[in-house]
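For reference, the chains in residue letters:
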Amino acid sequence: MALFYVDGLPIGWMAIMLAVLASMGGFIFGYDTGQISDILLMEDFKLRFAQCGTPGVVDTCKFSTVREGLIVALLSIGTLIGALFGAPTADYLGRRYAMTVECVVFMIGVIIQITSFHSWAQFAVGRLVSGFGVGSLSAAVPMYQAETAPPQIRGTLTATYQLFITFGILVAYCISIGARYIDGSGSWRTVVGIGLVWPLILGIGILFMPESPRWLTAQNRFPEARSAIAATRGIPESEAENHFFVHRELEEMKSAVEFESKVKAGWLDCFKPEHKQLYRTLLGMTLQMFQQLTGANYFFYYGATIFTSVGIDDSFVTQIILGAVNFGCTFGGMYVMEKFGRRYPLIIGGVWQSMWLFVFAAAGTAKDPKTDEGIGKLMIVSACLFIFGYAMTWAPGVWILIGETFPTRTRARQGALSTASNWLWNFLLAFFTPFITSAIEFRYGFVFAACNLAGAVIVYFFLYESSDLSLESVDMMYCDPDCKPWTSRTWAPAGFSSRRELIEQARAAEMHKPLEAGGGEETRFEKAGGPADAGNHA
């Protein structure tokens, strides 16, 4: 039975469940990201793994920049490697079994960490192994969500991955503030050990969800694919074989799989200039790079240390405030990206984030926040307002764009390259931040402020507006020589007077109503000769 209807089309409760459950992959990454900031300040952790002037005296213990950087950043190296292997693993094992295996890998990494006694290298290697699992999940989860969710709510359900990342960060902060009062190694081992619960939920729970119907279709397992589609639509399995929606979606998947089997593309195709393949590959990698260069992870990885340095007595509480702002505003971000498109939110977000980072850096540079309470409070407020803008724009927006920008035959590889760019810059920032802050302190904020402005400029001059368009139309738009990024908001395929007409025609086609003007988007697409010829018919 359908849970609700969108544009007259049924959506089943299974569609919501699989999106939420699969998003535990994002929660796992968020939790692992959030915990390390607080763990680095726990007394027993410092006594065991930091360099102490007087053994057993915590006040003399301090992490060197290299040691701190490696403990934090090796997770990102693992995710970088895992992201590149995530897609082929999911293709070989299937989306669900791949996620289960990747959860096991993550749990092995957690066990390595909690069995560390005095070797910081063992703890760091444990984070590296956990990173393999997190990185692979970052490739498998959005793919599974996009392939399984009904098209009418695909964008929103895919964005739950980012939402759960922020939720994981917040939960890690909350658990850390309670665990810090536990005596001995129980303080940090509790925080790390609870991390075993989340992959158990995902690894076991996902086996009760339907497999990706697109993957099943590619394996010629059509009855199972039909059942999976029916489950997400809330249609009884007994009615699936003769149901219009199920039949149409299965036939579309068969056609797509057949087409892709004839035009198999390799990694080199991602870097060919034809059809703006190279352009889009570099754009995806650049957007992911600038998402990291916004400076958000500067606060998430080292937030507790940062707020200790501005004179806050209880930096753990400040971390929770930041995490709550990040989580709460991501709900707004899901609405903003659907309502206002992609370009405007990213441009405005970049300017907003730059402004508050400039305030943060200028305040910390002008006066010593440890001795001036007002400056310390100003820095906290500016950090919260920065996170407010980030969570509403760049955090969900870039992940949505990665699923929309690339053509079908190279989407998996271009998506993997873009995701790898994210993890590479994640590592570089995590590792080098201690070195940079020790040299320039809060002036580091000026660097991120400039990067946010640069990101806004990149979006204005290079990113096309892809909201409200089918993936086929997005491909046509990028290939149209008469369409420029700054005019792309009003672009529509050949034969349509406006993008609004395109949307209305598409909805009519989805609801199986007679189409006006003699045909739907797919017909116009064929008449235009496909992406390569779109510009000649626009």
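Use the structure listed above.
Residues numbered from 1 in each chain as written. Predicted model: local features only at pLDDT ≥ 70, side-chain atom pairs only at ≥ 80, totals over all residues. Heavy atoms only, no water.

Caption draft 1: Looking closely at the environment of Ile-194. Turning to its location among the elements, Ile-194 is positioned in the loop between helix H8 (186-193) and helix H9 (197-205). The partly exposed category is assigned to Ile-194, whose relative accessible area is 26%. Through-space distance from the C-alpha of Ile-194 to that of Ala-172 is 9.4 Å; in sequence the pair is 22 residues apart. Not counting residues within four places of it along the chain, the set of residues in contact with Ile-194 comprises Tyr-31 and Ile-175. (Helix = DSSP H or I, 4+ residues; strand = E, 2+ residues; numbered from the N terminus. Buried < 20%, exposed > 50% of the residue type's maximum accessible area, 1.4 Å probe, protein only. Contact = heavy atoms within 4.5 Å.)

Caption draft 2: A look at the pattern of salt bridges. Under the definition given, this model contains ten salt bridges. Where Glu-224 meets Arg-221, a salt bridge forms, and the shortest distance between an N and an O atom there is 2.8 Å. The class for Glu-224 is partly exposed, based on a relative accessible area of 39%. A relative accessible area of 32% means that Arg-221 is categorised as partly exposed. A salt bridge links Glu-251 to Lys-254, with the nearest nitrogen and oxygen atoms 3.5 Å apart. One end of the pair, Glu-251, and the other, Lys-254, are both in helix H13 (residues 244-262), three residues apart, so they sit about a helical turn from each other. Relative accessible area serves as the criterion here: at 32%, Glu-251 is assigned to the partly exposed category. (Salt bridge = Lys/Arg side-chain N within 4 Å of Asp/Glu carboxyl O.)

Caption draft 3: Representation of the side chain of Ser-212 within the structure. Note that Ser-212 resides in the loop between H9 and helix H10 (213-218). When sequence neighbours within four positions are dropped, the list of residues in contact with Ser-212 reads Arg-95, Tyr-144, Glu-147 and Thr-148.

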